[in-house]
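Here is what each chain is made of, one letter per residue.
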Amino acid sequence: MENILSAAEEILGTVVRVERHRDWAIFWCPFHNDASREGEGGHPNFGVNLINGYWKCLRCGATGGSLNALRIKLGQDWKPPVSVMQPTRPSKPPSQVKMLDEAMSEARSIVQRSPAWSYLAQRGVVPYTALVYGLGYGIPIPRVHREIIEAATQSMMVRRDGTWLWAGGVVYADPPTQPTVMNVRYIPEEQLPQGTRKFKPEKNHKTWGNRVQPLGSWRITQATRTLIVLEGLFDMLITAQKIHQLGREADTVAVYTNGASPAAKMHRWFSEHNEYDYVLLRDPDKAGMEWSQAVSASIRHGGAKVRTLKPPDQLDPDEAILSGWWPSAI
Ligand SMILES: [Zn+2]
């Protein structure tokens, strides 16, 4: 498969993208003016099958059964166009996170028998909340179909040795089916059976996929009036749990931005959704202050009302809520 890809690249220049789940590589077509349309929103139309070398252009219809046939058809003087050989921007493999439902089901099916269950209890997350949000446990090597492993590999979720990077973590998919984002919170090493995680995570959490809207917003309904916005996964879980305990689920939803510097698309989402009242519960540190200023600015830009509240005693929102604090204004 890699042989066909590198042979095709020798003829056609750098591949535009590889669709591993169906063994297909996409190039700019050498038979019509495909590449010249790149800057004008044009799409590459020329596919090469990585199993058998079959090729076809969806635009001009050029087709053949092998890379040898392609060489012959292009002729001896053919050289890959310079613009194709030197891509103007590095091509990043597209995320395949939404194909991970099957792996997520595995992760959910064992969560109550896994180290995640006691970790969640320790963090104050009750079973109801864990199950509503479909939390799972990151199995180092989940037993799923080959396509799923390829999708995870393409989403940079699998190490060379086959271990998944979510190993030994609480995993959350957003939305819970066909997710666009996969989030893991690593359980501390000492709470895992020895040898569970064969690598050291850089941070205590990691995310794959595209953050295009606040996470947790799949719970928004027609009746939602107030959005409580937080920074992190556990802040959201604990806040959502409190909203449930107060019987306020009908009109109030907790969402989180997944980090202190939300993506541009998420800022746009806040500007475009001015039908809600917003309450920001921020972390006590400086990053938390900057986060609330940036998110507030986007919300106000869209014309909605927003208030920022800081929990007492330098506590993070989840710790403060678990210790009994709740803003009277909500
Ligand atoms: Zn063509």
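Structure report, in brief. Just so it is clear, the model here is predicted, and its values are computed rather than measured.

The rules behind these values
Every chain begins its residue count from 1, and numbering advances along the sequence as written. Totals for whole chains, interfaces and linings use all residues, but because this is a predicted model, local features are given only for residues with pLDDT of at least 70 and pairs of side-chain atoms are given and counted only at 80 or more. Computation of side-chain values covers all heavy atoms of the structure but excludes hydrogens and water. Three labels apply to residues, based on accessible area from a 1.4 Å probe with only protein chains included: buried if under 20% of the type maximum, exposed if over 50%, partly exposed otherwise in between. Runs of H or I in DSSP of at least four residues are treated as helices and runs of E of at least two as strands, each being numbered from the N terminus. Whether two residues touch is decided by their heavy atoms; if any such pair falls within 4.5 Å, the residues are in contact. Angles shown run from 0 to 180 degrees and are taken between the N-to-C directions of axes, each axis being a line fitted to C-alpha atoms and, for helices, limited to the stretch in contact. In these notes the angle categories are as follows: under 35 degrees is roughly parallel, over 145 is roughly antiparallel, 65 to 115 is roughly perpendicular, and the rest is oblique. Handedness of a crossing is defined here by the sense of rotation of the near helix relative to the far one, left-handed for an anticlockwise turn of less than a right angle and right-handed for a clockwise turn. Amino acids are sorted into nonpolar (Ala, Val, Leu, Ile, Met, Phe, Trp, Tyr, Cys and Pro), charged (Asp, Glu, Lys and Arg) and polar (every other residue, Gly among them). Each metal's donors comprise the N, O and S atoms found within 2.8 Å of it (within 3.2 Å for Na, K or Ca). Water is not part of the atom list, so some coordination spheres may appear incomplete. Only four donors with every angle between 85 and 135 degrees are called tetrahedral; only four or six donors with opposite donors over 155 degrees apart and all others between 65 and 115 are called square planar or octahedral, in that order; all others are irregular. Joining through side-chain atoms within 4.5 Å is the link that ties buried Ala, Val, Leu, Ile, Met, Phe, Trp, Tyr and Cys residues into a set, and such a set is a nonpolar core. Each domain span listed reflects an automatic or database assignment of domains. Under the rule applied, a polar contact is a pair of N or O atoms within 3.5 Å (in protein, one hydrogen donor and one hydrogen acceptor; residues adjacent in sequence only if both atoms are side-chain atoms). Within this scheme a cavity is a closed region of a 1 Å grid, computed over the protein atoms alone, that accommodates a 1.4 Å probe without allowing it to escape, whereas a pocket is open but has protein on both sides within 12 Å along at least five of seven lines; lining residues each have an atom within 4 Å of a point. Grid points are joined across faces, edges and corners, and a volume is the space filled by probe spheres set on the points. In this description, strands pair whenever DSSP reports at least two bridges between them.

### Some remarks on helix H9 (residues 264–272)
Logical step 1: Taken residue by residue, H9 has Met 266, His 267, Trp 269, Phe 270 and Ser 271 as its buried positions.
Logical step 2: Tucked into the core, H9 has its buried residues touching strand E10 (226–230), strand E11 (252–256), strand E12 (277–281) and helix H10 (286–302).

### Brief notes about the packing of H9 against H10
Logical step 1: Where H9 meets H10, the axes come as close as 6 Å, and the angle between the chain directions of the two elements is 40°. By the angle between their directions, the pair H9 and H10 is classed as oblique. The two elements H9 and H10 meet at a crossing, and its hand is right-handed. Across from His 267, Phe 270 and Ser 271 in H9, the residues of H10 making contact are Ala 294, Val 295, Ser 298, Ile 299, His 301 and Gly 302.
Logical step 2: Its residues assigned to classes, the contact of H9 with H10 shows 4 nonpolar, 5 polar and no charged.

### Comments concerning the coordination of the zinc ion
Logical step 1: Looking at the metal site, the zinc ion is ligated by Cys 29 (SG), His 32 (ND1), Cys 57 (SG) and Cys 60 (SG), spaced 2.0 to 2.3 Å from it.
Logical step 2: The coordination sphere of the zinc ion comprises 4 donor atoms, whose angles at the metal cover 101 to 117°; the geometry is tetrahedral.
Logical step 3: Among the residues examined, His 32 registers a relative accessible area of 22% and is labelled partly exposed.
Logical step 4: You can call Cys 57 buried: its relative accessible area is 1%.

### Things to note about the nonpolar core
Logical step 1: Counting 33 residues, the largest nonpolar core has Leu 135, Met 236 and Leu 237 as its most contacted members.
Logical step 2: Looking at this core, the elements that each hand over two or more residues are helix H5 (115–122), strand E7 (169–174), E10, helix H8 (233–245), E11, E12 and helix H11 (317–322).
Logical step 3: At 7 residues, the largest contribution of residues to this core is made by H8.
Logical step 4: Domain assignment of the residues forming this core places at least three in each of domain 2 (97–209) and domain 3 (217–322).
Logical step 5: Once residues lying within four places of it in the same chain are set aside, the contact partners of Leu 237 are Val 125, Thr 129, Tyr 133 and Leu 135.

### Points about the side chain of Ser 296
Logical step 1: Its place among the elements puts Ser 296 in helix H10.
Logical step 2: Among the polar contacts listed, one links the side chain of Ser 296 to the backbone oxygen of Ser 292, at a separation of 2.6 Å.
Logical step 3: Non-local contacts of Ser 296, meaning those with residues more than four positions away in its chain, are made with Leu 280, Val 306 and Thr 308.

### Some remarks on the layout of surface pockets
Logical step 1: Counted as a void, the second largest pocket has a volume near 360 Å³.
Logical step 2: Lining the second largest pocket are 19 residues, and of these Arg 185, His 205, Gly 232, Leu 233 and Asp 235 lie nearest its centre.
Logical step 3: Counting only elements with at least two residues in the lining of the second largest pocket, the list comes to strand E8 (181–186), H8 and H11.
Logical step 4: Domain assignment of the residues forming the lining of the second largest pocket places at least three in each of domain 2 (97–209) and domain 3 (217–322).

### Observations regarding the pairing of strand E3 (residues 46–49)
Logical step 1: Across the two faces of E3 the burial is the same, with Phe 46 and Val 48 and Gly 47 and Asn 49 all buried.
Logical step 2: The pairing of strand E2 (residues 24–27) with E3 spans 4 bridges and is antiparallel. Among the inter-strand pairings, Ile 26 is bridged to a residue of E3, identified as Gly 47.
Logical step 3: The sheet contact formed by E3 and strand E4 (residues 55–57) spans 3 bridges and is antiparallel. Note on E4: the bridge partner recorded for Gly 47 is Lys 56.
Logical step 4: As consecutive antiparallel partners, E3 and E4 are separated by 5 residues, and within that stretch Gly 53 has a phi angle of approximately 80°, a positive value.

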